[in-house]
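Topology and contacts: notes
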Amino acid sequence: MGNILFGGNKIFRLWKMENVILANGIGLPAVGFGSYKVSEGQDGTRVVKDALLAGYRLIDTAAMYKNEEQVGKAIKESVIPRNEILLTSKVANTDRGYDSTLRAFDESLRRLGTDYLDLYLIHWPADKAREKDWRNVNAETWRALERLLKEGRARAIGVSNFMKEHLVALSETADILPMVNQIEFHPGWMQREVYNWCVGYGIVIEGWSPLGRTRVLNDPLLIRIAERYSKSVAQICLRWAVQLGVIPLPKSVNPERMKSNIDIFDFTLSEEDMKLIESMPATGESGLSPDNITF
Ligand code: A2P
C-alpha cells in the first residue's frame, strides 16, 4: 500500500488520486506519468522509479519510445505490487494490422516483464496521405486490440492521436468503441473538435504534453492565474486538464517537479478561470500530428 511503503498522509492521498472511470468500469488515476524521451540521455529506470516514489501509479510508455525494458525494470525494483500500477503501452506504426499487432503486444509484454497491460493503445492512426486503405488498416489493428481485451490480456483498449474522422471511420467497423483517446492537450491546444466528440461518446481523453513542452509556462494569463492561486503555471495547466475530465501525462526527470505536478488536488479553478484558459489563443501543436508523422 502506498502509505505503508512511503509513509505520510500526503503520499497516501496522492496515491489515492480520484479515479477516472472508463466505459468498461476500469478506473485510472486522474494524472499519469509520461515516459516519452525519458530514456534519451538519462537512466530511464531511475526516472520511472522516482515517478513511482512521487506517487504516480499510471505509467505511460510505448514500443516506439524504446524504453519498455527500463520501465519494466523500474516497476520490478520499486517493489510496488504490479496490480497497484496501471501500465499503458502502444502498438508502433510499423506493426499495424491484425497479426502484427498481436505479435507486437507479446513483444511489449516481454520487454515490460509482465503478463498483461492495463491499457493498450494504437499509437497513431494510419496516414491518409500514404495509406489509401487507412480505414481498413486501423480497423484490422483495432480488431486485434478487441481480441486482447476479450482475452483479458489488456484490461482496457484505446487509441492515440485519433482525430474525429479516424474515430468516425473506426466506429463503423468496431465492436467496442475505444475507451481512451490520448492526444496532445494543453492550454492553447485543446483540440476542441475531437475533445467534444470523445466526451459525447464516453471516450476518456488522456493529454500528452500537458505543459506544451514548456511552451505555455511563460504565458502572461497563466502566470496571473497561477499567482492568484499561489500555484505554479504547470500546476494550473494540469489542474485545468483534470477539471475538464482529461488525464494529463506530464513528464519530468526531476523528482521535485514530478511531485509538484501531481500535487494538484488541494485547490479548484473557478469556472471563470477555466473559461479564461479555454479561450486562450491557439498555440499550435508542440509535437506531431497525424498528418505530419513520417515514421
Ligand atoms: P524536466 O524533465 O527537466 O522537468 P510536456 O509534459 O508538456 O511534454 O513537458 C515536458 C517538459 O516540461 C520537460 O522539458 C520537463 O523538464 C518540463 N517540466 C515538467 N514539469 C515541469 C514543471 N513543473 N515546471 C517546469 N518545467 C517542467
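Notes on the structure in this doc start here. (Residues numbered from 1 in each chain as written. Predicted model: local features only at pLDDT ≥ 70, side-chain atom pairs only at ≥ 80, totals over all residues. Heavy atoms only, no water.)

A word on the overall build of the protein. Helices and strands together make up the secondary structure of the protein, namely 12 helices and 10 strands. Taking 295 residues into account, the globule formula puts the C-alpha radius of gyration at 19 Å, and the protein, at 18 Å, falls close to it. With the principal axes as the frame, the protein shows a C-alpha extent of 50 × 45 × 35 Å. Residue pairs in contact within the protein that sit at least 24 positions apart in sequence constitute 75% of those at least 6 positions apart. Approximately 12600 Å² of the protein is accessible, and the part contributed by carbon and sulfur atoms is 51%. A distance of 3 Å separates the average location of the 37 positive side-chain charges in the protein from that of its 38 negative side-chain charges. (Helix = DSSP H or I, 4+ residues; strand = E, 2+ residues; numbered from the N terminus. Rg over C-alpha atoms; globule rule 2.2 N^0.38 Å. Contact = heavy atoms within 4.5 Å. Areas by Shrake-Rupley, 256 points an atom, 1.4 Å probe, with all protein chains shown as cover. Lys, Arg positive; Asp, Glu negative; His and termini not counted. Charge placed at Lys NZ, Arg CZ, Asp CG, Glu CD.)

For the rest of this paragraph, the subject is helix α7 (residues 164-173). Among the residues of α7, those classed as buried are H166, L167, A169 and L170. For α7, the angular spread of buried residues about the axis comes to 165 degrees, placing them on one side. (Buried < 20%, exposed > 50% of the residue type's maximum accessible area, 1.4 Å probe, protein only. Arc of directions from axis to C-beta.)

Y56, I59, Y120 and F185 are the most contacted members of the largest nonpolar core, which has 88 residues in total. Apart from the residues lying within four places of it in its own chain, the contact partners of Y56 are V31, G32, F33, A51, P250, M258, N261 and I262. (Core = buried A, V, L, I, M, F, W, Y, C linked by side-chain atoms within 4.5 Å.)

Before going further, it helps to spend a moment on the side chain of D50. Considering the arrangement of structural elements, one finds D50 in helix α3 (residues 44-54). With a relative accessible area of 19%, D50 lands in the buried category. Excluding residues that lie within four positions of it along the chain, D50 makes contacts with P255 and M258.

Attention now goes to the site of the ligand. In the neighbourhood of the ligand, 14 residues make up the surrounding shell, with L211, K251, S252, V253 and R257 lying closest. The separation between an oxygen atom of the ligand and a polar main-chain atom of L211 is 2.9 Å. S252 has a polar side-chain atom sitting 2.6 Å from an oxygen atom of the ligand. For the ligand, the protein covers 77% of the area, taking 570 Å² as the surface of the free molecule. Of the residues contributing to the shell around the ligand, the split by class is six nonpolar, five polar and three charged. (Near = heavy atom within 4 Å. Polar contact = N/O pair within 3.5 Å; in protein donor to acceptor, adjacent residues only side chain to side chain. Nonpolar A, V, L, I, M, F, W, Y, C, P; charged D, E, K, R; others polar.)

The strand order across the open sheet built from eight strands is β3-β4-β5-β6-β7-β8-β9-β10, with neighbouring strands paired in parallel fashion. Edge positions in the sheet fall to β3 (33-34) and β10 (247-249), since each of these pairs with one other strand and no more. For β3 and strand β4 (residues 58-60), the ladder comprises two bridges, and the chain directions are parallel. Bridging across to β4, F33 finds its partner in I59. (Pairing = 2+ DSSP bridges.)

Looking now at the packing of helix α5 (residues 98-112) against helix α6 (residues 134-150). Two elements in contact, α5 and α6, have axes separated by 7 Å at closest approach and are oriented at 45 degrees. Taken together, α5 and α6 sit at an angle that is classed as oblique. Here α5 runs over α6; the crossing is right-handed. Facing α5, whose interface residues are Y98, T101, L102 and F105, α6 presents E140, T141, R143, A144, L145, R147 and L148. Taken together, the residues of the contact of α5 with α6 break down into six nonpolar, two polar and three charged. (Axes fitted to C-alpha atoms, helices over the stretch in contact; angles between N-to-C directions. Parallel < 35°, antiparallel > 145°, perpendicular 65-115°, else oblique. Left-handed = near helix turned anticlockwise from the far one by under 90°.)

Take the pairing of strand β6 (residues 119-122) next. Along any regular strand, the residues point their side chains to alternate faces of the sheet. In β6, alternate side chains face the same way, and those of L119 and L121 on one face and Y120 and I122 on the other are all buried. As judged from the four bridges shared by strand β5 (residues 86-91) and β6, these two strands associate in the parallel manner. If you follow S89 over to β6, its bridge partner there is Y120. Taking the sense of rotation as the criterion, the β-α-β connection linking β5, α5 and β6 turns out right-handed. Pairing of β6 with strand β7 (residues 157-160) involves three bridges; the strand directions are parallel. Of the residues in β7, the one forming a bridge with Y120 is I157. Crossover connection from β6 via α6 to parallel β7: handedness right-handed. (Right-handed = clockwise from strand over helix to strand, strands pointing away.)

Right, let's get into the pattern of salt bridges. Evaluation of the coordinates by the stated rule reveals 21 salt bridges. Between R192 and E278 there is a salt bridge, with the nearest N and O atoms lying 3.7 Å from each other. One end of the pair, R192, is in helix α8 (residues 192-200); the other, E278, is in helix α12 (residues 271-278), and 86 residues separate them in sequence. Assessed through its relative accessible area of 41%, R192 is described here as partly exposed. Since its relative accessible area comes to 18%, E278 is described here as buried. Residues K259 and E256 are paired through a salt bridge, measuring 3.4 Å at the closest nitrogen-oxygen approach. Highlighted residues: K259 and E256, both in helix α11 (residues 255-262), separated by three residues, approximately one helical turn. (Salt bridge = Lys/Arg side-chain N within 4 Å of Asp/Glu carboxyl O.)

Purely spatial values, then, with no claim about function.
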